[in-house]
Amino acid sequence: MKTTAYLVEEPGGDFVAAEVELEEPRDDEVLVRIVATGLCHTDLTVPTMLPQEMLPTVVGHEGTGVVEKVGAAVTGIEVGDHVVLSFRSCRECGPCRAGDVGYCEQSLLLNYMGMRADGSTTMKRGDQTVFGNFFGQSSLARHALAYADNCVVVDKSLDLARLAPFACGFQTGAGTVLNVLDPAPGESIVVYGAGAVGLAAIAVARGTGVETVVAVDPVGARREAAEAYGATALDPTEEGAAPVEDRVRELTGGGATYAIDTTAIPDVVLQAQRSLRTRGVLVALGLGAPEYTIDAIDLLSTGKIVRSSIEGESDPLVTIPELIALREAGRFDVDHLVTTYPFEKIADAVADSRSGAVVKPVLVWGE
Ligand SMILES: NC(=O)c1ccc[n+]([C@@H]2O[C@H](COP(=O)([O-])OP(=O)(O)OC[C@H]3O[C@@H](n4cnc5c(N)ncnc54)[C@H](O)[C@@H]3O)[C@@H](O)[C@H]2O)c1
Ligand SMILES: [Zn+2]
Ligand SMILES: [Zn+2]
């Protein structure tokens, strides 16, 4: 079928609207008419890393929409269902069978290679191959092909534009708190970077009863958003102030039990490690810098743990419904973090995301 997709044609290039030919769904695929797609920082980072031979590509991995066609082998999804599209996993390998779908042995192939697992591609512009299948969706488009393993069917009464970030950014931040850290109410969390991922972590931590949450971000509006959840917010650029890690240690009575980094800035990751108490845990979630420096003496002498996580150890088919239920119960209050843009304004959405003017841009198709 013919549809519209936003292509990236060169590494780090702009998103350009184009008419493309999308293949009919195969037996294991579903065709989704996209309603709204969130922009995640990863959509901006990955195209800068791709070689020219994997371009043009269509990214977008926080898609939502309405199912239009269902392949013969797909069960549990019907035409007309409303779905949130998250990341793919094979559901058969060792990590998948253990429930660790983020660490699926096929993850690279299924999410990042721009093609189906058998090497075929799904999209063309004229005669030119367009690399799709990003996270089993490439949802910066009017239509997407998705799979039973990454489609979460949701209630039709829910606003899909608000749910789009549950596919990645919100799931990652909240999943890190719920699945990785599982804090007790008396424990403390410091979050470096109060963007979409960081604020989702703060929202769910406060919503599930963690008393002491500290947020660190140089952008005033982001600190205010963190404070609205009852977090204490610090400006790392404040002139004349003590080092950030000292301020965090003071606010948390000797160091935070848990730290989450969403900045991917090496110096900030080091600050995050140093702001932990003995046996504290740092989860460095960012994608950006290829290497971090760890304070080896501090690590050795305190028994701290420094780790990362794919999508907050979530299985989207489990975690997204859990987060939707928490949202319904008023304990995961994230709707106001979303700013919607018509798809044609994608350049504004990117600019506002980069500048920090909005927390989570979500692109919406008009009728
Ligand atoms: N691990 C995963 O599975 C996963 C999933 C989604 C996103 N990510 C990554 O998580 C990161 C965060 O994504 P996002 O969408 O929230 O991005 P974002 O840009 O909205 O958030 C980053 C925040 O860091 C703040 N910041 C910048 N310098 C800082 C400093 N010195 N100290 C403290 N804060 C500082 C920025 O002001 C911004 O608010 C990205 O690197 C993204 O690629 C990882
Ligand atoms: Zn697998
Ligand atoms: Zn993402």
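Since the structure is predicted, the reported quantities are computational estimates derived from the model, not experimental observations.

Regarding the domain arrangement of the protein
In terms of domain boundaries, the protein breaks down into domain 1 (2-167 + 334-364) and domain 2 (172-310). Centre-to-centre, using C-alpha coordinates, domain 1 lies 29 Å away from domain 2. The partner domain 2 presents 13 residues to the 13 residues of domain 1 that form the contact. When domain 1 packs against domain 2, the two sides together hide about 990 Å² of surface, and 66% of this comes from carbon and sulfur. Three residues, Tyr-103, Leu-337 and Val-359, lead the burial of domain 1 against domain 2; their summed loss comes to 40% of the area buried on that side. For the pair domain 1 and domain 2, the number of links is three residue pairs in polar contact (both at pLDDT 80 or more). In terms of residue count, helix 1 (residues 41-49) provides more of the side of domain 1 that touches domain 2 than any other element does, three residues in total. When its residues are assigned to classes, the side of domain 1 that touches domain 2 shows six nonpolar, six polar and one charged.

So, the packing of aromatic side chains
What describes a pair of aromatic rings is the distance from one ring centre to the other and the angle between the planes of the rings. Overall, the coordinates contain nine aromatic pairs when judged by the stated rule. Residues Phe-166 and Phe-332 carry aromatic rings whose centres are separated by 5.6 Å and whose planes lie at 80° to one another, so their mutual orientation is edge-to-face. Of this pair, Phe-166 sits in the loop between helix 4 (160-163) and helix 5 (169-181) while Phe-332 sits in the loop between helix 11 (316-328) and strand 16 (338-342); the two residues are 166 residues apart in sequence, bridging distant segments of the chain. We classify Phe-166 as buried; its relative accessible area is 0%. Exposure remark for Phe-332: the relative accessible area of 1% places this residue in the buried category. Judged by centre distance (6.4 Å) and plane angle (85°), the ring pair of Phe-170 and Phe-332 falls under edge-to-face. One end of the pair, Phe-170, is in helix 5; the other, Phe-332, is in the loop between helix 11 and strand 16, with 162 residues separating them in the sequence.

Observations regarding the coordination of the zinc ion (ligand 3)
Ideal values for angles at a metal depend on the geometry: 109.5 degrees with four tetrahedral donors, 90 or 180 degrees with six octahedral donors. The protein atoms that coordinate the zinc ion (ligand 3) are Cys-40 (SG), His-61 (NE2) and Cys-168 (SG), at distances of 2.0 to 2.3 Å. Overall, the relative accessible area of 6% leaves Cys-168 in the buried class.

Let's talk about the sheet that holds strand 13 (residues 256-261)
The strand order 12-11-10-13-14-15 describes an open sheet built from six strands, whose pairing is parallel. The open sheet is flanked by strand 12 (232-234) and strand 15 (305-307), the only strands paired with a single partner. Put simply, the sheet's adjacent strands are angled 15° from each other on average, direction ignored. Packing against the sheet, helix 6 (residues 196-207) makes contact with strand 10 (188-192), strand 11 (212-216) and strand 13, and its axis sits at approximately 165° to strand 11.

Considerations on helix 7 (residues 220-228)
Among the residues making up helix 7, those that are buried are Arg-222, Arg-223, Ala-225 and Ala-226. Here the buried residues of helix 7 occupy an arc of 155° about the axis, which is enough to place them on one side. Those residues of helix 7 that are exposed and aimed more than 90 degrees away from the buried face are Ala-221, Glu-224 and Ala-228. Buried residues along helix 7 sit against helix 6, strand 11, strand 12 and helix 12 (346-355).

Some words on the coordination of the zinc ion (ligand 2)
For the zinc ion (ligand 2), the full set of protein donor atoms is Cys-90 (SG), Cys-93 (SG), Cys-96 (SG) and Cys-104 (SG), and the range of their distances to it is 2.3 Å. One can describe the site at the zinc ion (ligand 2) as tetrahedral: its four donor atoms subtend angles covering 104 to 119° at the metal. Here the donor residues of the zinc ion (ligand 2) are spaced in sequence according to C-x2-C-x2-C-x7-C.

Digging into the environment of Val-130
As for its placement among the helices and strands, Val-130 is situated in strand 7 (residues 128-130). By relative accessible area, which is 0% here, Val-130 ends up buried. On a C-alpha basis, the gap between Val-130 and Val-8 in space is 9.6 Å, while along the polypeptide they are 122 residues apart. Beyond its immediate sequence surroundings of up to four residues, Val-130 is in contact with Leu-7, Val-20, Pro-56, Val-58, Thr-121, Met-123, Lys-124 and Arg-125.

Some thoughts on the site of ligand 1
The immediate surroundings of ligand 1 are formed by 26 residues, with Val-197, Asp-217, Arg-222, Ser-309 and Glu-311 found nearest. Within the side chain of Asp-217, an N or O atom sits 2.6 Å from an oxygen atom of ligand 1. Separating an oxygen atom of ligand 1 from a backbone N or O atom of Glu-311 is a distance of 2.8 Å. Out of a free accessible area of 860 Å², ligand 1 has 85% covered by protein chains. Elements with a minimum of two residues in the shell around ligand 1: helix 1 and helix 6. Residues that form the shell around ligand 1 fall into these classes: 14 nonpolar, nine polar and three charged. Split by domain, the residues of the shell around ligand 1 number at least three in each of domain 1 (2-167 + 334-364) and domain 2 (172-310).

Brief notes about the pairing of strand 11
Most of strand 11 is tucked away: four of the five residues are buried. By the bridge criterion, five bridges tie strand 10 to strand 11 in an arrangement that is parallel. For Val-191, the partnering residue across the bridge sits in strand 11 and is Ala-215. Each parallel crossover has a hand, and for strand 10 linked through helix 6 to strand 11 it is right-handed.

With respect to the sheet that holds strand 6 (residues 123-125)
If you walk across this open sheet you meet the four strands as 1-2-6-7, and the pairing is antiparallel. What marks the edges here is a single partner per strand, and that holds for strand 1 (2-8) and strand 7. The average angle at which neighbouring strand axes cross in this sheet is 50°, direction not considered. Where strand 6 meets strand 7, three bridges bridge the pair, whose relative direction is antiparallel. If you follow Lys-124 over to strand 7, its bridge partner there is Thr-129.

Definitions and limits used
Residues numbered from 1 in each chain as written. Chains lettered and ligands numbered in written order. Predicted model: local features only at pLDDT ≥ 70, side-chain atom pairs only at ≥ 80, totals over all residues. Heavy atoms only, no water. Domains from an automatic or database assignment. Contact = heavy atoms within 4.5 Å. Buried area = accessible area lost by both parts, 1.4 Å probe. Polar contact = N/O pair within 3.5 Å; in protein donor to acceptor, adjacent residues only side chain to side chain. Helix = DSSP H or I, 4+ residues; strand = E, 2+ residues; numbered from the N terminus. Nonpolar A, V, L, I, M, F, W, Y, C, P; charged D, E, K, R; others polar. Phe/Tyr/Trp six-rings, centres within 6.5 Å; stacked < 30°, edge-to-face > 60°. Buried < 20%, exposed > 50% of the residue type's maximum accessible area, 1.4 Å probe, protein only. Donors = N, O, S within 2.8 Å, 3.2 Å for Na, K, Ca; no water. Pairing = 2+ DSSP bridges. Axes fitted to C-alpha atoms, helices over the stretch in contact; angles between N-to-C directions. Arc of directions from axis to C-beta. Tetrahedral: all angles 85-135°; square planar, octahedral: opposite > 155°, others 65-115°. Near = heavy atom within 4 Å. Areas by Shrake-Rupley, 256 points an atom, 1.4 Å probe, with all protein chains shown as cover. Right-handed = clockwise from strand over helix to strand, strands pointing away.

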